[in-house]
Amino acid sequence: MRDVLADLLPWWEAGRSVGMATVVATFRSAPRQPGASMLVGPEGQAVGSVSGGCVEGAVYELAQTVMATGAPVLQRYGVSDDDAFTVGLTCGGILDLFIEDVSRRTFPELGEVAADIAAERPVAVATVVEHPDPVLIGCRLVVHPEGGAVSGTLGSERADAALIDDVRGLLGAGRTETLTYGPDGERRGEGLRVFVASYAPRMRMLVFGAIDFAAAVARVGSFLGYAVTVCDARPVFATASRFPEADEVVVQWPHKYLAQEVAAGRIDQRTVICVLTHDPKFDVPVLEIALRLPEVGYVGAMGSRRTHEDRTRRLLDAGLTAEELSRLASPIGLDLGARTPEETAVSIAAEIIALRWGGGGERLGELAGPIHHHEPYERV
């Protein structure tokens, strides 16, 4: 929903009804991830995408039907091998879409959810997408982190109680997925499927070293959706004018800044750290902290093979274990043959993406099997 919220909210505020289709599960090589949404506006406007064009026409018609009847629908779209004119995904993927009518009546909490998202306050929306009782389909809970408010209901106190802890767990990890329970929230069983959309603050990219490569890395990081911070102890280099794509430029010793962020609880498994100074007086202290963090998404350091070997010796002398050192991506990036700062930034981004999703970095044309890394498809 985040990707279409700017269009959805004004219609909702005006008291209009909008058809919204949301990807709630994917299998095989699905083109969009869970949470991607498409809207059909009050005058028939189409906004967003759920499949990159494969099934949008069919979804558009189904959303209009849902708007007319008010009855939400869970619809599966998959491969169409036998009939080229049958609706299907030419990429070979399978999508589960939940199509619903969104209005002030059906989603009264949307304004508060939108305010949380805009302020980058963590919030999760859990929606019933399948249930034996059709009356409960479309019911939802809005859940904030531990100690925060919970509003709405999934239809019963037992189901609500079963879901709240699970939803907060997904929210804490920034994960969006569909959960399955028994009809009344039983841990074992099926019949109740709940789509949990987590709206956590943007993933963070910390770039240490205000060099020309850092400007390119910040630009690519911003493009990928990260909140980018560039940090360097040298004020002549760490300036906003040199890093216009960064959300924040900090003049401070890297290890001191990272320690402060850790103490403030702002470093988690969605944080990526790029150390680009290849100067031991900057690199080693900040890497000592970064590699000992229990949860961090990625730690990479720039430098030649000789620089890497020297840095490794220094880190071992500082007391790091072999296991901690194994978490370091150094020399940073994938082997793309990069030469320029921009090409190097693409190399670094490629490594981050590959590690995040389990990719191997090989050429897709030389591989067999699905191009997206998903769990094997199982019929539900």
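It should be noted that the structure appears before, not after, this text.
An account of the accompanying structure is given in this report. (Residues numbered from 1 in each chain as written. Predicted model: local features only at pLDDT ≥ 70, side-chain atom pairs only at ≥ 80, totals over all residues. Heavy atoms only, no water.)

## Description of the overall build of the protein
For step 1, the next point in the chain: Broken down by element type, the protein carries 10 helices and 16 strands.
For step 2, the next point in the chain: Going through the 380 residues of the protein one by one, you find that 47% of them count as buried.
For step 3, the next point in the chain: Sequence separation of at least 24 residues holds for 58% of the intrachain contacts in the protein that already meet a minimum separation of 6.
For step 4, the next point in the chain: When the accessible surface of the protein is summed, it comes to about 18,400 Å², and 52% of that surface belongs to carbon and sulfur atoms.
For step 5, the next point in the chain: Positive and negative side-chain charges of the protein, numbering 35 and 51 respectively, have mean locations separated by a distance of 6 Å. (Helix = DSSP H or I, 4+ residues; strand = E, 2+ residues; numbered from the N terminus. Buried < 20%, exposed > 50% of the residue type's maximum accessible area, 1.4 Å probe, protein only. Contact = heavy atoms within 4.5 Å. Areas by Shrake-Rupley, 256 points an atom, 1.4 Å probe, with all protein chains shown as cover. Lys, Arg positive; Asp, Glu negative; His and termini not counted. Charge placed at Lys NZ, Arg CZ, Asp CG, Glu CD.)

## Describing the side chain of R270
For step 1, the next point in the chain: By secondary structure assignment, the location of R270 is in the loop between α6 (254–263) and β14 (272–275).
For step 2, the next point in the chain: One buried charge, R270, has no salt-bridge partner; the nearest side chain with opposite charge is D268, at 4.1 Å.
For step 3, the next point in the chain: Among residues more than four places away in sequence, those in contact with R270 are A173, G174, A200, P201, R202, M203, R204 and Y226. (Salt bridge = Lys/Arg side-chain N within 4 Å of Asp/Glu carboxyl O.)

## Some details on the nonpolar core
For step 1, the next point in the chain: Membership of the largest hydrophobic core comes to 28 residues, with the highest contact counts inside it found for L276 and I348.
For step 2, the next point in the chain: Of all the secondary structure elements, the ones that give two or more residues to this core are β11 (204–208), α5 (212–223), β12 (227–232), β14 and α10 (341–357).
For step 3, the next point in the chain: For this core, the leading source of residues is α5, giving 6 residues.
For step 4, the next point in the chain: V4, I117, V142 and Y199 belong to the second-largest nonpolar core, a separate cluster that totals 26 residues. (Core = buried A, V, L, I, M, F, W, Y, C linked by side-chain atoms within 4.5 Å.)

## What to know about the pairing of strand β1 (residues 18–27)
For step 1, the next point in the chain: Counting buried residues in β1 gives 10 out of 10 residues, a clear majority hidden from the surface.
For step 2, the next point in the chain: Where β1 lies against strand β5 (residues 94–102), 9 bridges are found, and the strand directions are antiparallel. Looking across to β5, one finds that V23 is bridged to L97.
For step 3, the next point in the chain: One ladder, built from 4 bridges, connects β1 with strand β2 (residues 37–40); its direction is antiparallel. Each residue of the ladder has a partner; that of M20, found in β2, is L39. (Pairing = 2+ DSSP bridges.)

## As for empty space enclosed by the protein
Vacant regions in the atomic arrangement are exposed by a probe of water-molecule size rolled over the atoms.
For step 1, the next point in the chain: For the coordinates displayed, the defined rule picks out 1 cavity of 30 Å³ or more.
For step 2, the next point in the chain: The computed volume of the largest cavity comes to approximately 130 Å³.
For step 3, the next point in the chain: Taken together, 14 residues form the lining of the largest cavity, with M20, T22, T127, F195 and Y199 sitting closest to its centre.
For step 4, the next point in the chain: No other element matches strand β10 (residues 192–199), which puts 3 residues into the lining of the largest cavity.
For step 5, the next point in the chain: Residue composition of the lining of the largest cavity, by class: 8 nonpolar, 4 polar and 2 charged. (1 Å grid on protein atoms, 1.4 Å probe; cavity = no way out; pocket = protein on both sides within 12 Å on 5 of 7 lines; lining within 4 Å. Points joined across faces, edges and corners; volume = space filled by probe spheres on them. Nonpolar A, V, L, I, M, F, W, Y, C, P; charged D, E, K, R; others polar.)

## What to know about the sheet that holds β11
For step 1, the next point in the chain: Across the sheet, 6 strands lie side by side as β13-β12-β11-β14-β15-β16; this open sheet has parallel pairing. Across the chains shown, the open sheet's two edge strands, defined by having one partner strand only, are β13 (248–251) and β16 (328–329).
For step 2, the next point in the chain: Along the sheet face, α6 touches β11, β12, β13 and β14 and points at about 160 degrees away from the line of β11.
For step 3, the next point in the chain: Contacts between helix α7 (residues 280–290) and the sheet are confined to β11, β14, β15 (298–301) and β16, with β14 contributing the most and set at about 160 degrees to the helix. (Axes fitted to C-alpha atoms, helices over the stretch in contact; angles between N-to-C directions.)

## Considerations on the sheet that holds strand β9 (residues 177–181)
For step 1, the next point in the chain: Here 5 strands make up an open sheet; going across it, the order is β8-β7-β6-β10-β9 and the pairing antiparallel. Because the sheet does not close on itself, it has two edges, and the strands there are β8 (150–153) and β9. Across the sheet, the axes of successive neighbouring strands diverge by a mean angle of 20 degrees, strand direction being ignored.
For step 2, the next point in the chain: Pairing between β9 and β10: 5 bridges, direction antiparallel. The residue of β10 that forms the bridge with T178 is F195.

## Some remarks on helix α2 (residues 56–69)
For step 1, the next point in the chain: For α2, with 14 residues, the first-to-last C-alpha span of 20 Å sits near the 20 Å given by 1.5 Å per residue.
For step 2, the next point in the chain: The complete set of buried residues in α2 reads E56, V59, L62, A63 and V66. Along the axis of α2, the buried residues cluster in a sector spanning 120 degrees; they form a single face. α2 presents E61, A68 and T69 as exposed residues on the side facing more than 90 degrees away from its buried surface.
For step 3, the next point in the chain: Where α2 is buried, its residues meet β1, β2, β4 (73–77) and β5. (Expected span 1.5 Å × (residues − 1). Arc of directions from axis to C-beta.)

## Overview of unusual backbone geometry
For step 1, the next point in the chain: Note the cis peptide between S330 and P331, where omega equals -5 degrees.
For step 2, the next point in the chain: For P331, the location among the structural elements is in the loop between β16 and α10.
For step 3, the next point in the chain: Backbone geometry at E120 places phi at a positive 55 degrees, although glycine is not the residue there.
For step 4, the next point in the chain: Among the structural elements, E120 can be located in the loop between α3 (110–118) and β6 (123–130).
For step 5, the next point in the chain: At H278, a residue that is not glycine, the phi angle is positive and equals roughly 40 degrees.
For step 6, the next point in the chain: Relative to the helices and strands, H278 is located in the loop between β14 and α7.

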